[in-house]
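# Analysis of the macromolecular model
What follows is the residue order along each chain.
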Amino acid sequence: MDDTPNAHELFLFLASTAHDMKNSISVLSGTLERLLVAQSPDTSSKVEPAYTQMAHMLYQTKRLNDNLMQLLALYKQVGKPEYPFDVQPLELGQLVDQVVSMERVLLQSRGIQLELDCDPRLIWHFDEDLIVGVLSHAINNAVHYTCNRVRLAIREQDGWLELRVEDNGPGYPPALLKAGEIATRETAGGVNFLTNSAGLGLYFSSEVAKMHRHRGRHGTLRLENGGKYGGGCFILRLP
Amino acid sequence: MNAAAQPVVTPLLSVTPATIDQVDWADKHYLVVDDFVGVRQLLRESLRSLGAKNIDQASSGGEAMGLLARIRYDVVLCDYNLGDGKNGQQVLEEARVRNLVNPSTVWLMVSAEKSVESVMGAAEHQPDAYLIKPITEGVLLTRLNRVWHRKQVFRMIDQACAEKDYLRAARLCDEQIAIDKVHELELLRMKAKLMEKSGQPTRAREVYERVLEQREYQWARAGLAKIRLANGEFEQARQAFQGVIAENRYYIDAYDQLALSFQNMGKLEEAGAILERAAKLSPNSVTRQRNLGKLALKLGNMAMAEKAFRKCIAIGEYSIMKTPDAYLGLARVCGQKNDPKEALRLLLVAQREFAHDHPDIQLRTKITEGLVYHESGDYRRARKAGDDLEAMLKATLERPDVPTCLELATLLFAVGVKEAAIELLRYVIRNNHDNPLLLEEVQNIFDKARMPEEGVAMIRASKKEAADLMNQGVLLWKTGKLGEAVAWMRDARKAVPNNQRILFNAAQIMVSCLQQQGYDAALASEAYEILHHVDHLLPGQQRFAQLMEQLTQLQPAADGAGMSAVA
């Protein structure tokens with residue numbers, strides 16, 4: 001952070017504006033979720049076009065929220081010691097519960113089934129807020145690519161925690177896979193924000209992965225096609 | 001894409017296995033504090049869908065305090081940013097200090113983004129959890145349940161802490177660590193703190209090392225560094241704290257400790273620079289601004305001192321943590337800037353603001369007044385203040401804390417009120433006869449007043465007096481005259497009310513009296529009173545923890561309060 005008084009005032013101004021925007025988005029997504037739950041069609045009746053449009057509005061609102069959250073985190077220099085990084089031990093059940101609760105209405109309104117595969121009693125060490133943010137962002141993304149299924153699978157493997165978000169869509173387009181490769185590259189400065197709308201989310205997620213360090217290893221992020229459904233796979237690995 | 005035409009499938013609501021003791025959140029009484037009406041409504045709706053019926057709302061810190069003063073809430077959801085007035089942290093602090101919330105009350109702090117405060121981990125009053133917006137029902141429920149279970153785990157430990165039976169609390173931690181993997185690290189952290197509070201740094205170090213074998217946690221690194229600091233290994237402590245800061249720039253507590261390490265090495269400039277950086281990262285701590293101001297005053301950096309004291313007063317306006325120090329410090333700054341008029345105005349404000357909670361405020365403002373006049377060269381008025389102070393000391397047996405006594409004695413010598421100064425220093429020595437560093441400081445004050453021989457003689461005599469008082473009591477005890485020993489120590493305590501050695505021995509003798517002659521409630525409560533007084537004088541002594549444990553164990557189990565069995 002800059003030490004000039006101007007920079008400080010600008011920071012306070014931005015922080016309070018961000019606070020305000022967060023409030024607005026909270027109300028927007030909260031209200032949409034409530035409306036969607038109230039209007040949810042039972043399986044026999046026909047889905048109203050208005051319902052579908054509302055579901056899409058919720059999707060867009062989630063994207064807006066993700067982007068704002070990621071911008072804020074980047075402004076606070078996520079990935080650097082300047083970020084208030086906070087690792088705690090947590091049961092995976094607690095992590096998954098929160099991700100599911102954030103995505104439930106969106107998935108339901110879009111007719112997408114979420115499959116969960118993890119040991120809820122397993123304890124791992126990570127920054128809860130950041131990882132919840134990364135996973136819900138990955139699921140929001142999968143909503144865009146999937147046909148009708150998304151899978152969140154978490155398991156321990158050789159001292160790593162592997163968190164996978166898979167979908168049964170046609171898979172990520174080559175451009176996105178390429179962007180994933182660049183964003184997650186070891187050397188910094190690999191993101192091309194101008195040509196890639198997905199760049200921000202990928203960059204954020206890979207910075208979050210790298211922040212998680214343990215015994216000389218750090219977390220990684222990978223995009224690929226395949227997995228259980230043969231669609232897109234978002235793979236986060238934490239030491 | 002035609003996703004909406006697909007059959008709607010509800011995913012699992014929760015993967016957490018239902019435990020037998022699920023909490024009924026419907027019956028609880030809630031308070032929602034946010035300055036934005038939309039968010040209040042949203043949170044209220046979320047709570048309603050958990051079944052909640054009793055939900056109160058406040059749009060400002062002041063309004064929240066009004067409600068908290070009248071109603072005992074089970075759950076408080078409080079935004080950190082509340083516009084003008086108190087912020088969320090200040091509401092929490094005041095509610096805890098004024099005992100407006102129960103230990104069982106769940107306090108969730110809400111903010112728009114990850115706050116620095118949430119990772120500092122060292123603030124005295126912490127909420128049970130920090131939540132980041134947007135908050136959905138599910139996240140709320142997950143966090144409420146988690147906090148509730150955590151509170152169950154820590155209930156007995158917290159109670160033992162509240163009773164200051166730190167060793168019992170540590171044993172409870174051990175029992176829980178053996179069976180509770182989820183809370184293991186938090187319990188270890190608690191245990192390490194308890195070991196520090198009980199004056200057993202070696203055992204605290206073992207706990208921190210055990211944590212670090214698992215993972216690199218900065219609080220454990222900082223804990224090890226703190227032990228080094230307490231051991232007087234200042235250079236190693238400095239390196240360790242700097243290491244913590246390099247890993248996590250927002251671990252603010254490490255800055256405060258690093259500044260302390262520098263101060264102990266006599267590097268005041270460096271200490272000031274560190275505190276200034278910390279104050280920039282986390283500017284809303286009354287305590288940190290106060291420390292920075294005091295240090296800057298010592299350094300003669302009046303600009304920095306003024307800025308820190310003014311900030312301290314500004315944020316203290318709404319904080320229960322405010323103390324007169326910033327006003328007194330700022331008055332000194334004004335004095336040095338040759339503006340005694342403004343200094344006096346500040347002292348008047350301090351007298352008005354703190355008359356209620358600080359009984360020694362008259363004396364302290366008068367001391368500052370004397371210093372201001374003396375430093376600005378108005379020796380006549382300084383002498384007048386000295387005479388007033390002498391009269392105030394004569395009017396009461398109460399004496400301020402040791403640093404204030406030393407400051408006062410120095411001033412009295414400087415303005416020529418020698419008798420009162422010597423009398424005050426005699427009091428200091430009699431109550432601290434076994435503290436060599438302090439004896440040296442007192443001798444220094446005499447040297448500066450050009451009375452070195454008087455100092456040597458007075459210190460020797462006062463030391464002997466206190467030692468004789470103590471030895472006679474211990475002799476009676478060792479020769480089995482327990483009743484007489486207790487009576488003797490009671491008198492000794494009257495003569496030297498703040499002598500820690502004598503107080504500890506008094507409590508010790510009372511404890512062995514209780515052990516040998518059976519339990520006596522009046523004597524036990526006298527012993528408790530003495531121990532709490534010593535702990536107030538200097539917290540974290542091993543003898544305090546041991547005697548507290550012995551006393552609690554002596555308590556008959558009939559009332560069940562002291563020796564509640566572990567479930």
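None of these values were measured; they are calculated from a predicted model.

## As for the overall build of chain A
Each helix and strand in chain A was counted, giving six helices and nine strands. In chain A, which comprises 239 residues, the proportion classed as buried is 44%. Of all intrachain contacts in chain A linking residues separated by at least 6 positions in sequence, the fraction that spans at least 24 positions is 68%.

## Points about the pairing of strand β3 (residues 123-126) of chain A
Residue and element names in this part refer to chain A. A one-sided burial pattern is seen for β3, the buried positions being W124 and F126 and the unburied ones I123 and H125. Examined bridge by bridge, strand β1 (residues 88-91) and β3 share four bridges and lie antiparallel to one another. When the bridges of β3 are listed, P89 appears paired with H125.

## Section: the domain arrangement of chain A
Residues and elements named next belong to chain A. Each assigned domain of chain A is listed here: domain 1 (5-75) and domain 2 (88-238). Taking only C-alpha atoms into account, the centre of domain 1 sits 20 Å from that of domain 2. Counting from both sides, the interface comprises 15 residues of domain 1 and, opposite them, twelve residues of domain 2. For the side of domain 1 that touches domain 2, the secondary-structure elements that each account for two or more residues are α1 (5-39) and α2 (49-75). Looking at which element gives the most residues to the side of domain 1 that touches domain 2, the answer is α2, with eleven residues. In terms of residue class, the side of domain 1 that touches domain 2 is built from eight nonpolar, three polar and four charged.

## Overview of the sheet that holds strand β4 (residues 106-111) of chain B
Backbone hydrogen bonds are what pair the strands of a sheet, in a parallel or an antiparallel way. Residues and elements named next belong to chain B. Ordered in space as β2-β1-β3-β4-β5, the five strands form an open sheet in which the pairing is parallel. With partners counted over all chains shown, the strands left at the sheet margins are β2 (54-58) and β5 (129-132), one partner each. Shown here is a sheet whose adjacent strand axes are inclined to one another by a mean of 20°, direction ignored. Across four bridges, the pairing between strand β1 (residues 29-33) and strand β3 (residues 75-79) is parallel. Pairing of V32 across the sheet is with L77, part of β3. Along the sheet, helix α3 (residues 88-97) contacts β1, β3 and β4; its crossing angle with β3, the most-contacted strand, is approximately 145°.

## Observations regarding the domain arrangement of chain B
The assigned domain composition of chain B is domain 1 (29-154) and domain 2 (480-559). On a C-alpha basis, the centroid separation for the pair domain 1 of chain B and domain 2 of chain B is 41 Å.

## Description of helix α5 (residues 137-162) of chain B
Residue and element names in this part refer to chain B. Within α5, the axis deviates most sharply at F154, by approximately 50°. Within α5 the residues assigned to the buried category are E137, G138, L140, L141, T142, R143, L144, F154, I157 and A160. Phi turns positive, to about 60°, at K164, one or two residues after α5.

## Focus: helix α14 (residues 302-316) of chain B
Residue and element names in this part refer to chain B. Between its first and last C-alpha, α14 extends 20 Å over 15 residues, near the 21 Å set by a 1.5 Å rise per residue. Within α14 the residues assigned to the buried category are M304, A305, A308, F309, K311, C312, I313, I315 and G316. Buried residues along α14 sit against α12 (268-281), α13 (286-299) and α15 (325-336).

Definitions and limits used
Residues numbered from 1 in each chain as written. Chains lettered and ligands numbered in written order. Predicted model: local features only at pLDDT ≥ 70, side-chain atom pairs only at ≥ 80, totals over all residues. Helix = DSSP H or I, 4+ residues; strand = E, 2+ residues; numbered from the N terminus. Buried ≥ 20, exposed ≤ 12 C-beta atoms within 10 Å, placed from the backbone. Contact = placed C-beta atoms within 7 Å. Pairing = 2+ DSSP bridges. Domains from an automatic or database assignment. Nonpolar A, V, L, I, M, F, W, Y, C, P; charged D, E, K, R; others polar. Axes fitted to C-alpha atoms, helices over the stretch in contact; angles between N-to-C directions. Bend = angle between axes of the 7 residues up to and from the residue. Expected span 1.5 Å × (residues − 1).

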